Amino acid sequence: MIKFFKSVVQEMKLVTWPTAKQNRHDTMTVIVTSILFAAYLGLLDLAFSSLTQIVM
């Protein structure tokens, strides 16, 4: 078990961690994409619900 944790620590030292600026950029990209996708799905839902009310 100790050997496993030592190897984990060694591997974590090899990881290239993103900078704070990269984190902010990636976070904003995810937030904006999520908002746009939610708006798109909301419009599709509105269109299909209106269409089903017209048909029925």
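Above: the structure in question.
Undergrad: Help me understand the overall build of the chain in this model?
TA: Across its full length, the chain holds 2 helices and 0 strands. A compact globule built from 56 residues should have a C-alpha radius of gyration of about 10 Å, whereas the chain, at 23 Å, is more than 25% larger. For the chain, the C-alpha atoms occupy an extent of roughly 65 × 30 × 10 Å along the three principal directions. Expressed as a percentage of the 56 residues in the chain, the buried residues total 0%. Within the structure as shown, the chain displays about 5600 Å² of accessible surface, and the carbon and sulfur contribution to it stands at 73%.

Undergrad: Would you mind showing me how to read helix α1 (residues 2–14) here?
TA: Along an α-helix, a turn takes 3.6 residues, which lines up residues three or four apart on a common side. Over its 13 residues, α1 runs 19 Å from end to end, which matches the ideal 18 Å to within 8%, given 1.5 Å per residue. Little of α1 is tucked away, with 0 of its 13 residues classed as buried.

Undergrad: Would you mind showing me how to read the packing of aromatic side chains here?
TA: Aromatic ring pairs: the centre-centre distance and the angle between the two ring planes describe each pair. For the structure on display, the rule yields 1 aromatic pair. Ring centres of Phe 4 and Phe 5 lie 5.4 Å apart, and the angle between their planes is 65 degrees; this geometry places the pair in the edge-to-face category. Using a relative accessible area of 49% as the deciding quantity, one classes Phe 4 as partly exposed.

Definitions and cut-offs
Residues numbered from 1 in each chain as written. Predicted model: local features only at pLDDT ≥ 70, side-chain atom pairs only at ≥ 80, totals over all residues. Heavy atoms only, no water. Helix = DSSP H or I, 4+ residues; strand = E, 2+ residues; numbered from the N terminus. Rg over C-alpha atoms; globule rule 2.2 N^0.38 Å. Buried < 20%, exposed > 50% of the residue type's maximum accessible area, 1.4 Å probe, protein only. Areas by Shrake-Rupley, 256 points an atom, 1.4 Å probe, with all protein chains shown as cover. Expected span 1.5 Å × (residues − 1). Phe/Tyr/Trp six-rings, centres within 6.5 Å; stacked < 30°, edge-to-face > 60°.

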